Every structure is written in structure tokens, then in C-alpha cells.
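If you want the building blocks of each chain, they are given just below.
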Amino acid sequence: MIHHADARNGVFVGRIAEQDFLLKCANRNSDDLTVVYLHGMGGIGKSTLLRKLAGDAMVQRGKVTEIDLAIEMFAFSDFQAEVLEALAVDDAILLIDSFDRAQQWESWLRFVLRPARLGNALVVVTSRVPPDVNWRTDPELSGTLKVIELKEMTDGEARTLIKENGFHDAEIGGLLDLASGHPLALVLAAEMTRRRKVGSGPVKPDAAFNCAVLDKVVGDLPSRLHRQALEVCALAGCANEELLNYMVDGEVDEVFSWLRRLPYVEARERGIRVHSLIREVVSEDLRWRDPDRSTLLHQKIHSYLLMKVRAADEPGAMDAARNLVHSCRETRTGSSSPVCQDASRFLETDYEPEDRDRIVGLVSQREGPESAAAVAYWLDRQPSDFYVYRAVDSGELVAFYGLLHLEKSDPDAVANDPVAAAIYDYVDRRGGTRDDGQILVSRFQIDLGSRVAPSGVVDAMQIRTIVEWIRSERMIWSFIAIRNPRVWSRRIASIGHPLIEEFPNLDGAPLAVHGHDWIEEPLGDWADRSIFGKLSGKSPRGDQGGRRSAGMSRADFRAAVRDALKNLEREDSLERNQLCTAQVAASGAELKRILSDAVTTLSRNPRNRKHFDALYATYFVDTPNQEASAARLGLPFSTYRRHLTKGIEEVSDWLWHDRLSSGGAAR
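Remember, predicted model here, so these are calculated numbers, not experimental data.

Rules behind the numbers
- The numbers attached to residues start from 1 for each chain and follow its sequence in the written order.
- Local features in this predicted model are restricted to residues whose pLDDT is 70 or higher, and side-chain atom pairs enter the listing and the counts only when it is 80 or higher, whereas totals over whole chains, interfaces and linings include all residues.
- Side-chain metrics in this entry use all non-hydrogen atoms of the structure; hydrogen atoms and water are not considered.
- Secondary structure is summarised from DSSP: a helix means a run of H or I of at least four residues, a strand means a run of E of at least two, and numbering begins at the N terminus for each.
- Helix span is expected to be 1.5 Å times the residue number reduced by one.
- Only protein chains enter the accessibility calculation, which uses a 1.4 Å probe. A residue is then buried if its area is under 20% of the maximum for its type, exposed if over 50%, and partly exposed in between.
- Both site types are read off a 1 Å grid over the protein atoms alone. A 1.4 Å probe that fits but cannot get out defines a cavity, while an open set with protein on both sides within 12 Å along at least five of seven lines defines a pocket; lining residues have an atom within 4 Å of a point.
- Grid points are joined across faces, edges and corners, and a volume is the space filled by probe spheres set on the points.
- It only takes one pair of heavy atoms within 4.5 Å for two residues to be counted as in contact.
- Viewed with both strands pointing away, a crossover whose connecting path from the first strand over the helix to the second turns clockwise is right-handed.
- Strand pairing is assigned whenever DSSP detects at least two bridges linking the two strands.
- Side-chain atoms within 4.5 Å link the members of a nonpolar core, which is a set of buried Ala, Val, Leu, Ile, Met, Phe, Trp, Tyr and Cys residues.
- We call two N or O atoms a polar contact when they sit within 3.5 Å, provided that within protein one can donate a hydrogen and the other can accept it, with sequence-adjacent residues counted only if both atoms are side-chain atoms.
- Axis geometry follows a simple rule: fit a line to the C-alpha atoms, using only the stretch in contact for helices, then measure angles between N-to-C directions, giving values from 0 to 180 degrees.
- Stacked, tilted and edge-to-face are the three classes assigned to paired rings of Phe, Tyr and Trp, where Trp is represented by its six-membered ring and a pair needs centres within 6.5 Å; plane angles under 30 degrees give stacked, over 60 edge-to-face, the rest tilted.
- The criterion for a charge sitting over a ring is simple: Lys NZ or Arg CZ within 6 Å of the ring centre, and within 35 degrees of the ring normal.

Can you help me understand helix α21 (residues 456–471) in this one?
Residues spaced three or four apart along an α-helix face the same direction, because each turn holds 3.6 residues. Taking 1.5 Å of rise per residue, 16 residues should cover 22 Å, and α21 covers 22 Å from first to last C-alpha, within 8% of that figure. With respect to burial, α21 is a largely interior element, 16 of its 16 residues being buried.

So, in C-alpha cells, the structure goes:
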């Protein structure tokens, strides 16, 4: 059926540039353009824009023909007949809406819409998916085809749309954050807000909102496997085929190809990312439908990302840490964080000597002479401990950050930096450091764009810090020194760094120092508390002293791994090991296989190779004692012991989270 368009009345908000362009095409004031292909995710406004064009064009040109495939599905022969009949009219204007429902006819339509057949007609096609590459490479369409991706509304357009729905400025912020510039979501969010009681808290998506967005934007999914893959992508932030293989049971290569072609999925350098609206709606809907499964998926994703931070190359580790931070933040708040949206505007670079005067001057201006003297001291002494953030477009310095690596008590540092003096005093009062131990101090976080508020640069500093914590081999203490403790202290305490010292008047302003003892609470326990514990709402120390469902604490688990490695060739001893009695393994033989696989995993990462060598020389080669194993490796005994301890910890952590993710006993 051909639908003849009448002039459309009512309010139309935004899309001014697109409106002007399409009307120019309709009036034949657009050079040789005869075909316009509009594509974008569902609910983004394609059909609304097409109806607006139909009304405007009919007023000026008369007859306009619409074929709306969302209203009625055609047989191919009927569709052919309708298109050809419409194009038989002089100066025809043909609007084909929702062509994604008939994408299999794309080759025929492209052939029909070649200039030789169109004459002076204008054809506008809308679809959720972009045109096949053959449209762009067809020489006969060159110069006559315009492909436009319709994206989110601007902030100004979104505000106007919300006001047209009867809301005031004070009510707009939460709706904007929720809808992410998506027109349909903005309208649905406005309707949802009207259903809520006045003063019922911040705007959050309810079940009806989620259901409407899923129906109108996501639509039906091909299978349960496709739904699981979409859920993983929504929870993980950025996903690739490797993550899907880890998370989903089934063949994922075709599913990944399907995901990357979805209109609400964007291809990035290291994977695909779901649009923020869909990410939040899918995550919230899963949490509402199946909260236990939502928690389990979060845990498994976080375990995977922790492993990637440890094992990947530098860019891969930063990406994994970024996804980990964002995923954890969404888990805690129940919604996505607006922070880091400006992360593409700057680059993290190494400090260069020519930056020195600029940095010292900025610290003096922002904090005062004492801090300026301290940063000058550290820049001269340990320049490699500083990171400089530069604007992508201009290369100008926009922020900088110090992540200081301190060794055992250092009188020179104490004399030149009051914060370092306080940290050394604190550590010494708690037993000092080992000779090979290291202290990491996060210091001098200067963001020129913001003095107190979170920002993309501050997030980048946090991600850099977490990467250092996870990958460090010698760290036994970490500290974070911050200005504006009223703004930051609670956030820092939530990642396992309680307040240990506060300077009431350093350069005339308060400075707080937060710290963490990595001997008392190793990385795996910290992850349980600061990452996995957030999922269950447990108290900060809940997992350390408590019991897991099968009766094993984290400390018990690590001790059992160590004992099993020592008795790897004694199957009777393995049968009695706590890992078997707790059903981590069904038998001693299976436990040996599981441990061997875990140790082999270390060998795949060059960074962990020395830990693997220590484990292999100790437990998989016939040597009389550890001294002989150290000699075999050509290492001093203290170095060998450090590598062995680290290797056991990594095997234990890997097994702990692998068993947790797969539904084993350590859950």
C-alpha cells in the first residue's frame, strides 16, 4: 500500500541541519543528489524526521509518496511494484521508512535507484543499519548518493524536547543523564517521571521504561546466546571476542559479528561498546529479572578484567583497568557514570624535562610553596614517576600526576617532602619495610580543568594507579595524598585506603593521606573487598574473616594451594587436600590437572615468566630443596623466594576467581 502524505502539524524539535538539507533536496536545490540514506538506532528520530519532510515537501511540491515497512510487510513483488509506480511520476518524491525490515532487497533497490532510472526524482530511505558497502562503491551512484547517520540530539535540543513535555529546568538534569540524548528515551523518561511521586529521589529507569526501550530500540533477539552476549557487552563496557569466549557457553564468532553490526554498538580500537542508554537499560533489566545471575556475570567479568590487567601489554592493561573501574562504579551506583566522557580529548604521556618549570609553577599557584618545593625535588630525583596529560588537538599540558615509588626509609626524602616524612613515620611505626619492599604514593594530582570535581583526567589518574597496584611485584604499601579531603576521602576509603594522616595546614589548606597495607590485605583479598564485595553489599572486611559457601576463607584457599603444590606428586595427599574436600576438584588427579593448567597460564604472559620459572623449578622438576631450585635458575635465594611467593599468589588468585566464576566451591 502506498501512503500519501498530508502536511504534518505539531511541534518538531531539533534536527535543524538535517531538516534544511532534506528540504533543499526536495526542492531540487542540491546539485545532483537523488538518493538520501538515513540510518541510526531505533527511536533516534528517523521516522519523525521523514514525516516532517513529507509534510513540508507536500506543501511545496504536492504529491509525496511514503512506503512504511514498519506498518505493513510487503511481498517482494508488491514492493517492486510500489516503488516503480511511485517513481513513474515526474519529479517524484519517494520516502521509504524502516527499510531494515526488508534489507534483503537492498541489491535490487540500489539498482533501481541509479540516476539513469530516477530522472528528477528524490528518494529518501531510512534504516536502522547503514547501507551495504556496494552503495558507496557503485560508480553510477557517485555524486548522487548521500548517507547520513542520525545520532543523539544535542544537549540544547534535548532540553527543548523535555520542556515541550512540560518539565522545568530544575527537573531536566536527571532526564538528560538517563536518556543520553536519545529522543524516544527522553519522551519515555518524561512519562516515567510523571508516574513517580514528587520527591521520590533521583531519576532512575523503572521496569516499564526498560521494557519500552528494549521493545522499541533493541527488539527481538535471535536466540538466548545472542541475549547473553549482549548482556555481557552491556556489563563489561568494552568487549571483544576473547571476553565473549570466556563468558558465554557456545560458538561466539558469529554472535560477535552480529553484535558489531548492531546500530547501537560502536566499534572501538580494542573491541565493541554498546550505546550508553542500551548499556544501562540492558544492565538494569537483567538486575530486575535475575539479580543472582546479574551478580554472577559481574563477578566473572571482574575476574577476567583483573587477569587482563595483570597479563596484558601496557595499552591492554589500561583498557582492562578502565573497564573494571567503570563496571564497578556502575555496579555500586546502579547506573552508568558520566565521568570519562571526555577521555578522548587528552593523551597520557611521559614527563619531559621541558615540562618542569610549568609543573612547578602550577603546583605553586594551586597549592603553595611547600608543595612546589616537594614536586621540584621529586621531578629532579624520579622524573619517570610522573605522567603528563596533554590535549589531543593542541598538545598543551592539561594535567599531571605523580606516582612515586619509594624504597625503605630515606632521610633525603624525609627532609624534602613533609608528606613523605609522614608516610615513612607511619610505616616505621608498623614495622618498616622489607629490604626489597616498595611504597607507592599517589601525589600531585593537578587537573587544570577542575579543582575539585571528578573528571576524565582524574579517572585516568585513578586507572593508572590501579594498574600499578595490580601489576607491581614489590609493593607492600600504597598511599594516596589528596587535597580537598571533604570531596575525595569517602571515595578513596571505598577502594580500601582509609585515612591515616591529615595535615590541617599544608600551604594553608588541608591535605589528607590515605593508605593500604598490601601484606595485611593482599591483592586478591583487596579485590574481594573493593570489587566483588560491592556486588553483595558485604562489609569491607567481610570476606577476610568470614567463610565462603563451601567453608573456605581466602586465606584457607591460598594455604591449600600452597600445600597442594608441595605435594603435587602424591595423589593420596592431594585427595585429602582442602581443595578436594571443598569440591574445587573431584579427585586428586583432577586437582593436579587444575593446578598444572593454572601454572601453565602464567607462562603465557612474558611479565609472569619468572614466576612460572620459580614454580616450575620448585614443583615440576625433581630438585632436592629450594636452594637447589634457586641455583638451577641462577638466582639469589631471596629473589627466587620472592618470585615463588608471587607465583603461588597468582595461581591462588586465578583459581579462586575461576572457581567462583564457574560455580565451584569457592564462591
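From this point, things continue past the structure.
Would you explain the layout of surface pockets in this entry?
In this model, the second largest pocket occupies a volume close to 1200 Å³. In terms of lining, the second largest pocket is formed by 45 residues, of which the most central are Gly42, Gly43, Ile44, Gly45 and Ser47. Elements with a contribution of two residues or more to the lining of the second largest pocket: α2 (46–61), β5 (122–127), α7 (155–164), α9 (183–195) and α10 (207–218). Looking at the lining of the second largest pocket, the element that brings in the most residues is α2, giving six residues.

Looking at this structure, I do not really get the side chain of Gln19. What am I missing?
Position of Gln19 among the secondary structure elements: in helix α1 (residues 16–26). Apart from residues no more than four positions distant in its own chain, Gln19 is found in contact with Phe12, Gly14, Leu49 and Lys52.

Looking at this structure, I do not really get the pairing of strand β4 (residues 93–97). What am I missing?
Within a regular strand, side chains alternate between the sheet's two faces. When you tally the buried positions in β4, you get five out of five residues, the bulk of the element. What you see with β4 is no split at all: Ile93, Leu95 and Asp97 on one side and Leu94 and Ile96 on the other are buried throughout. Read from strand β3 (residues 65–68) through helix α3 (residues 76–87) to β4, the crossover connection turns out right-handed. Pairing geometry for β4 and β5, over four bridges, is parallel.

What should I look at first to understand the nonpolar core in this one?
Within soluble globular proteins, side chains that are nonpolar tend to cluster in buried spots. Grouped together as the largest cluster of nonpolar side chains are 98 residues, with contacts concentrated most on Val124, Phe209, Leu259, Tyr264, Ile278 and Trp469. Setting aside anything within four residues of it in sequence, one finds Leu259 in contact with Ala229, Leu230, Cys233, Leu244, Val265 and Ile272. In this structure, Ala374, Val441, Leu506 and Leu511 belong to the second largest nonpolar core, which totals 39 residues.

I'm lost on the side chain of Thr126 in this one. Help?
With respect to the helices and strands, Thr126 occurs in strand β5. Among the polar contacts listed, one links the side chain of Thr126 to the backbone nitrogen of Ser98, at a separation of 3.1 Å.

Just checking my understanding: could you explain the sheet that holds strand β8 (residues 265–268) for this structure?
Taken in spatial order, the three strands line up as β7-β9-β8 in an open sheet, and their pairing is antiparallel. Of all strands in the sheet, those with a lone pairing partner are β7 (238–239) and β8, marking the two edges. Pairing analysis gives two bridges linking β7 to strand β9 (residues 271–274), with the strands arranged antiparallel. Looking across to β9, one finds that Ala239 is bridged to Ile272. Helix α11 (residues 224–236) contacts β7 and β9 of the sheet and is inclined by roughly 85° relative to β9.

Looking at this structure, how should I read the pairing of strand β2 (residues 35–39)?
A large share of β2 lies buried, amounting to five of its five residues. The alternating pattern of β2 places Val35, Tyr37 and His39 on one face and Val36 and Leu38 on the opposite face, and all of these are buried. Two strands pair when backbone bridges link them, and β2 and β5 are joined in this way by five bridges, in the parallel orientation. Across the sheet, residue Val35 finds its bridge partner in β5, namely Val123. Where β2 lies against strand β6 (residues 145–149), five bridges are found, and the strand directions are parallel. If you follow Val36 over to β6, its bridge partner there is Lys146.

Mind showing me how you'd approach the packing of aromatic side chains here?
The description of an aromatic ring pair rests on the distance of the ring centres and on the angle between the ring planes. The final tally for this structure, using the stated rule, is 21 aromatic pairs. The cationic tip of Lys300 hangs over the ring face of Tyr246; the distance from NZ or CZ to the ring centre is 5.5 Å.

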